[in-house]
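Tertiary structure, described
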Amino acid sequence: MNSSKTFCFFLAVFLTMPIAGGGKLYAGNLSDDHPAVAIALDYVNYVSRSRYEVAALQIKPDYLEDQVRKYVRAVRSTASIETEEAMLRRMGVERIRDIEEMGGMQFYVAYQQALDRERKLTPATRARMEESFRSELLGGVSESQTVAHAVIRTRRETLNAVISELLVVSLELIDGKWLIAPEYQELSMKPLITGEVPREIEVGPSN
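Every chain's residues receive numbers from 1 upward, in the order its sequence appears when written. In view of the model being predicted, local features appear only for residues whose pLDDT reaches at least 70, and side-chain atom pairs are presented and counted only at 80 or more, with totals across whole chains, interfaces and linings using the full set of residues. Values shown for side chains rest on all heavy atoms present in the structure; no hydrogens or waters enter the calculation.

When DSSP locates at least two bridges between a pair of strands, those strands are taken to pair. The helix count covers DSSP runs of H or I at least four residues long, the strand count covers runs of E at least two residues long, and both are numbered beginning at the N terminus. Across eleven bridges, strand 2 (residues 147–157) lies against strand 3 (residues 162–174) in antiparallel orientation. Across the sheet, I152 pairs through a bridge with L167, a residue of strand 3. What sits between the antiparallel neighbours strand 2 and strand 3 is a turn of four residues. As defined by bridge partners, strand 3 adjoins strand 4 (residues 177–180) across four bridges and the pair is classed as antiparallel. When the sheet's bridge partners are listed, I174 is paired in strand 4 with K177.

Shown next as structure tokens:
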């Protein structure tokens, strides 16, 4: 599979089980005015309105730096020069070194802008999507004292369709501040005894 297609940021994961909403408090749930919930809603709104510079400030710096390294590895592992060049053009650079020298936030902004270009939305469609965007908090849950997740329903309109998504945003409390932490939605595997991951199980790059 083409590496340039397999490597991408996902803001959210689709949910396959019901989540209680309405701001009710019970074991593990967060109130609607919890600071983590507010950050999650702001982040979704910023990304949906293409305010990527502001959104990047809300993401864990370590996570963003890791995405730079993963993209570099993806470019280096392409099967052809043509694919490598396409991945570099996507980021608006000519050399792998140019990506390596990017900071995490700079990379995030450039990558999201590349995705916007690839969607090829007309100015009228983009304007309609931004002005019609709405988000609704369905619930928040605390996984631990420092990790939380918010479930958000978004809705927007194009010129001829209504788009609705169910998003999960993960956050981590770091130095007293809640930051977006997408890695908590990624597959994680730790060997128990032998220290080796079974050959039949492959963990690919984060999506």
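As a working rule, side chains carrying opposite charge can pair if their charged atoms are close by. By definition here, a salt bridge exists when the distance from a side-chain nitrogen of Lys or Arg to a carboxyl oxygen of Asp or Glu is within 4 Å. This structure, assessed with the given rule, holds 13 salt bridges. The closest approach of N and O atoms between D116 and R126, which form a salt bridge, is 3.9 Å. Of this pair, D116 sits in helix 7 (residues 104–119) while R126 sits in helix 8 (residues 123–132), and the two are ten residues apart along the sequence. Notably, a salt bridge pairs E157 with R128, separated by 2.3 Å at the nearest N-O pair.

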